[in-house]
Amino acid sequence: MRMDTRQKMTARDIVNDYTEADLYRVIRDYGEDKFAKNIAKHIVQARAVKPVETTAELSEIIRASIPMKFQKKSGHPAKRTFQAIRIELNRELDVLRDSLDDMIDLLNPGGRLCIITFHSLEDRIVKSAFRKNENPCTCPPDFPVCVCGKKCRYLHPVMAAPPPPRPVHASSCPVHIGRFTVHADHHANRRGAPLHPI
């Protein structure tokens, strides 16, 4: 799960060394799993007997902690927990948050930046950064003129106006990126990865 193999910490360390409260926080916040408390409790109970060594062991522990009626509805029961552990291990959201402003600063006037998000946590961070950069002015709203000097740096403000009209065939054609398909209207494919352009 490590993106950087030079990193000393591993997923095994998170699973076997984090407290129950920390496991709960990671699974709840990064996996957005409603059974986070139960999963954390089961992991702690299982590792009290012996350390969790393999993904198969962890997967079985998670499966046992989620009621069967919910397992059938939402794909593999361990997917959210594995996502949460991966995000915690690699500090993915911190890296994204820290690098967004730097990427926007590198744009030329009128330049474009497109970011593909793969889950709602990333989506919220990207939208928030785009909104902040759309109107960075910190002057009180009742000031008649901006005095802070923080103006939008782009020819086309971020998400302020709809893009110019495109030919009909262009908006209905999906963009293929590796094994993912992104539609111009990301609502057309709910399970697709939304594309966020500046």
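Higher on the page you've got the structure.
Residues numbered from 1 in each chain as written. Predicted model: local features only at pLDDT ≥ 70, side-chain atom pairs only at ≥ 80, totals over all residues. Heavy atoms only, no water.

Before going further, it helps to examine the packing of helix α7 (residues 92–105) against helix α8 (residues 120–134). Two elements in contact, α7 and α8, have axes whose closest approach is 10 Å; the angle formed by their N-to-C orientations is 25°. Classified by the angle their axes make, α7 and α8 are roughly parallel. For the pair α7 and α8, the crossing hand works out as right-handed. Residues E92, L93, L96, R97, L100, D101 and I104 of α7 form the contact with α8, whose participating residues are L121, E122, I125, V126, A129, F130, K132 and N133. Split by residue class, the contact of α7 with α8 holds nine nonpolar, one polar and five charged. (Axes fitted to C-alpha atoms, helices over the stretch in contact; angles between N-to-C directions. Helix = DSSP H or I, 4+ residues; strand = E, 2+ residues; numbered from the N terminus. Parallel < 35°, antiparallel > 145°, perpendicular 65-115°, else oblique. Left-handed = near helix turned anticlockwise from the far one by under 90°. Contact = heavy atoms within 4.5 Å. Nonpolar A, V, L, I, M, F, W, Y, C, P; charged D, E, K, R; others polar.)

The next subject is the pattern of salt bridges. Evaluation of the coordinates by the stated rule reveals twelve salt bridges. Two residues, R28 and D29, come together in a salt bridge whose shortest N-O distance is 2.7 Å. Judged by its relative accessible area of 36%, R28 falls in the partly exposed class. Between R97 and D94 there is a salt bridge whose closest N-O contact spans 3.1 Å. Of this pair, R97 and D94 both sit in helix α7, three residues apart, which is roughly one turn of the helix. The exposure class assigned to D94 is partly exposed, which follows from its relative accessible area of 29%. In the salt-bridge network here, residues are joined through shared partners; they are R91, D94 and R97. (Salt bridge = Lys/Arg side-chain N within 4 Å of Asp/Glu carboxyl O. Buried < 20%, exposed > 50% of the residue type's maximum accessible area, 1.4 Å probe, protein only.)

With respect to the helices, strands and loops of the structure, S65 is situated in helix α4 (residues 55–65). According to the relative accessible area criterion, S65 is buried, its value standing at 2%. Look past the residues within four positions of S65 in its chain and what remains in contact with it is N38, I39 and H42.

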